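# Analysis of the macromolecular model
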Amino acid sequence: MLVPRSQQFWGTMRTRTTATAILLLAILTACSTESTPEPAATTSAAPADDKATTVQACIDAVAELPAGDDGSVPSEPVPAECAGLSDGEYLDAYMDGIEQSNKQGQQDLQDLIDDAAEQ
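Everything in this summary refers to the structure shown in the same document. Keep in mind it's a predicted model, so treat the numbers as computed, not measured.

### A look at the overall build of the protein
Secondary structure assignment for the protein yields 3 helices and 0 strands. Element order for the protein, N to C, with α for helix and β for strand: α-α-α. Every one of the 119 residues in the protein was classed for burial, and the buried ones make up 12%. Within the protein, contacts between residues at least 6 apart in sequence are counted, and of these 58% link residues at least 24 apart.

### Some thoughts on the state of the cysteines
With the rule as written, the count across this model stands at 1 disulfide. The disulfide partner of C58 is C82, and the gap between their sulfur atoms is 1.9 Å. With the S-S bond torsion at 100°, the cross-link from C58 to C82 turns out right-handed. Of this pair, C58 sits in helix α2 (residues 45-63) while C82 sits in the loop between α2 and α3 (87-118), and the two are 24 residues apart along the sequence. The pair C58 / C82 is uniform in exposure class, with both members buried.

### Quick word on the pattern of salt bridges
Taken as a whole and judged by the stated rule, the model has 2 salt bridges. As a salt-bridge pair, K103 and E99 come within 3.3 Å of each other at their nearest N and O atoms. Note that K103 and E99 are positioned in helix α3 at a spacing of 4 residues, about one turn of the helix. Here K103 falls in the exposed class, since its relative accessible area comes to 51%.

### Some details on the environment of T54
The topology assignment puts T54 in helix α2. Assessed through its relative accessible area of 26%, T54 is described here as partly exposed. Between the alpha carbons of T54 and L85 there is a distance of 7.8 Å; along the sequence they are 31 residues apart. When sequence neighbours within four positions are dropped, the list of residues in contact with T54 reads E81 and L85.

### A few points about α3
Over its 32 residues, α3 runs 46 Å from end to end, which matches the ideal 46 Å to within 8%, given 1.5 Å per residue. For α3, every residue scored as buried is listed here: Y90, A93, Y94, G97 and I98.

### Some thoughts on the packing of aromatic side chains
A complete count under the given rule lists 1 aromatic pair for this structure. For the pair Y90 and Y94, a centre-to-centre distance of 6.1 Å together with 45° between the ring planes defines the contact as tilted. In this pair, Y90 and Y94 both sit in helix α3, 4 residues apart, roughly one turn of the helix.

Cut-offs applied
Residues numbered from 1 in each chain as written. Predicted model: local features only at pLDDT ≥ 70, side-chain atom pairs only at ≥ 80, totals over all residues. Heavy atoms only, no water. Helix = DSSP H or I, 4+ residues; strand = E, 2+ residues; numbered from the N terminus. Buried < 20%, exposed > 50% of the residue type's maximum accessible area, 1.4 Å probe, protein only. Contact = heavy atoms within 4.5 Å. Disulfide = S-S within 2.5 Å. Salt bridge = Lys/Arg side-chain N within 4 Å of Asp/Glu carboxyl O. Expected span 1.5 Å × (residues − 1). Phe/Tyr/Trp six-rings, centres within 6.5 Å; stacked < 30°, edge-to-face > 60°.

Following this line, the structure appears as structure tokens:
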């Protein structure tokens, strides 16, 4: 019996999708079973304050980066103020810096509009 082409295609896609899902699940399961003991956390306000200060300095540095011709702000090279941050922390600070820069740009534009309306 001949199977219509559409059923052949979708059957193959389901098999590939299922195989991919099983492979991904196996990889994730294998990665999650390997655990390394984490060192005991120490409670100290100073490192948190230093980290918050570093993050804010990084946000401010990213906000000051000039945008390129296409409007994008380069994420590389990493500003010196961001050197002590992990990749995830830098990404969060980078996005917050872009947001801060955009808000400042919107405020500057509104100020220009208001000044032009007054004249």
